[in-house]
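Fold and geometry: a report
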Amino acid sequence: MVETLNLSYTYDNSEALVFPDISLIPGEHMLVIGPSGVGKTTLLYLMAGLLPTLKGTIAIDGTELNTLSRKEIDKFRGEHIGLIFQQYHFIKSLNVSDNLRLRQSFPKNTNDTKRRYELAERLGLTQHLEKKVNALSHGQQQRLGIALGLIHKPKIIFADEPTSNLDDSNCTKVIDLLKEEAKICKSSLLIITHDQRVKSHFKNQVVL
Amino acid sequence: MKLGYLAFRNMVSKPLNLLLSLLLLLLSVSLVTFVLQLSQQLNGQLSKNIAPFDMVIGAKGSPLQLVLSAVLHIDAPTGNIKLKEVAALQKHPFVQIAIPVSYGDNYKGFRILGTEYGYLDHYDAELSEGTHYEQPFEVVAGSNVAQRLDLQVGDSFISSHGLAATNGETHDEHPFIVKGILKPTGAVVDQLLITNLESIWKAHDHGEEDSHDITNPHEEEDKHHDETLNSEHDTKKEITALLVKFKSPLGMVQLPRFINENTSMQAALPGFEIQRLLGLLGSGVQTINGIALAILLVSALSIFISLLKTIRERKQELALLRTYGLSTGQLLRLALLEGLFLAFIGFVLGWFLGRLGIWGVSLYLQASYGYALKLKAPELVELFLLGLILALATLATLLASRSIFRLNVAKTLSDG
């Protein structure tokens, strides 16, 4: 599902970040773990096509990102990749339901109401669908962030530090939730974190 | 979900910004459309009304006042002239037709005009029902008068002295009878009650007789005697003005000068006077248009600033949309849609406000002068204005959204 080879990235005026090769087979999950500042988020953005591949290759589901144009990468990402961010990002002018609907609308215009309600129900957001996103509690916002990462049934879900700022019991809950949802969507899950508590939940691990 | 819906939600999510931009747009659009409509319609009304006549002869005074009163019926007359004095003019070789008009009474604010049939012919006024007036105190009513006062053929009414609907002296002794109703002409005829000259003379003679009646009944009888038998009475007959159409352009050159220099009357040229009036109005119209244009530019600036601000504030949302698979072009379209929505709504509301203004002015003009303005569908020049506003909004949006092209998605999302 995800194959990287000799990948490295250099920001302006700084040392190159060199990443180990990653190989994730479809349906499997993986944990990329490492301390702050080693380029975890950079790796995630590279794999999601949000940063240009400067050196090395990345293939997602057999498609090499290097071979796509900028516009094609946008479309590919929208269709096949789900992103769950460390900081939650929403469209503030839309309510919870419309935020989910918006994610379903691009790049392919689908309006799967059933999927929306099922997901909202499993994540405990059903009563909050008509609320403004700013009116949600911290936990609800996190669950909405997760929902936005997988509402469109992506082939691969990238999650950036999904468990930071969570206590132990909530940490386990979120990891279980992610695994469960990935299973339902038949998606692969790749989590990037510095959180040692997550280690025990994954067989596949890469250390940065 | 369509981009348009998101653009709309984004627009209404900042109600104060929206309100400011909308108000500015509204103000400029309503000003421009209102002033354009007003000047255009006044122009049209005035031109149409003065078109049938080249010259007006009346008592000495302001020429503009003479034209306003005798042709357009929106001012008081300058005085009366003797019918005898203008009789020669009616047969002048340069003159195609000269129509006497006499007025001074009203019914509920609508003027009663004594004249000849030729007057109606010149405004192409045809009967929609009933017959023409024949006897004194028979009238035909202009379409607007009939409609507003709900006059039917066969109705009778009592006129009152003066030109405005006040509680002035009434001519109770001589009720007028409506013989016919005219079709709408779009000209001043619509606002008039038209009768023959004798009706006016008799209504006023009678007034004089009344006062004589008390002092000397015999004199009154003598006078009556005179009136029926002696044509000398004609020499005393007065009219308010004479409306002249020339046969030859030479008349325009020679007659007004001749009359103004050699008689106690004055000749005024409606075309010239109205041109002068419109010239004065025109500079006012230009000033207002200039102000409206300035407001329009400020409103474009306000759209620019508010979009610039919101695009900066929404940087993360835009980055998020990029991760959803939207291209830079689609983000640009989102911003454009928002700007254009705003411009379009502003135009539509402003247009309606402008028409509302025309309606208000129309009510006022109708009440005080008997003129009504039309509420017209959008005109070509107004569509140009819409085009101009959309172009300005597009420009403002494009300038404001340059940062979309430079958006660093990865950095923006991490900065959170």
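See above for the structure.
Residues numbered from 1 in each chain as written. Chains lettered and ligands numbered in written order. Predicted model: local features only at pLDDT ≥ 70, side-chain atom pairs only at ≥ 80, totals over all residues. Heavy atoms only, no water.

1. Quick notes on the pattern of salt bridges
Two side chains with opposite charge may pair up if their charged atoms get near one another. Within this structure, the stated rule accounts for 18 salt bridges over all chains. A salt bridge links R77(A) to D74(A); its shortest N-O distance comes to 3.2 Å. With R77(A) and D74(A) both in helix 2 (residues 70-80), this residue pair falls three residues apart, about one helical turn. In terms of burial, R77(A) and D74(A) fall into one category: buried. A salt bridge links E273(B) to R276(B), with the nearest nitrogen and oxygen atoms 3.0 Å apart. With E273(B) and R276(B) both in helix 10 (residues 270-313) and three residues apart, this pair spans about one turn of that helix. A relative accessible area of 6% means that E273(B) is categorised as buried. Within the structure, one salt-bridge network assembled from shared partners comprises D74(A), R77(A) and R322(B). (Salt bridge = Lys/Arg side-chain N within 4 Å of Asp/Glu carboxyl O. Helix = DSSP H or I, 4+ residues; strand = E, 2+ residues; numbered from the N terminus. Buried < 20%, exposed > 50% of the residue type's maximum accessible area, 1.4 Å probe, protein only.)

2. Regarding the side chain of H80(A)
Residue and element names in this part refer to chain A. Topologically, H80 is positioned in helix 2. Overall, H80 belongs to the buried group, its relative accessible area being 17%. Sequence-distant contacts of H80, defined by excluding residues within four places in its chain, comprise P154, K155 and I156. (Contact = heavy atoms within 4.5 Å.)

3. Structural notes on the interface of chain A and chain B
Between chain A and chain B, the contact holds 29 residues from the first and 25 residues from the second. Between chain A and chain B lies a buried interface of about 2500 Å² when both sides are counted; carbon and sulfur atoms form 58% of it. Of all residues in chain A, H89(A), S93(A) and F106(A) bury the most surface against chain B, accounting for 24% of the area lost on that side. There are two salt bridges connecting chain A and chain B. Put simply, R322(B) and D74(A) hold a salt bridge, and the shortest N to O gap is 3.0 Å. Inspection of the chain A/chain B interface yields ten residue pairs in polar contact (both at pLDDT 80 or more). Only helix 1 (40-47), helix 2 and helix 3 (96-105) of chain A provide two or more residues apiece to the side of chain A that touches chain B. (Buried area = accessible area lost by both parts, 1.4 Å probe. Polar contact = N/O pair within 3.5 Å; in protein donor to acceptor, adjacent residues only side chain to side chain.)

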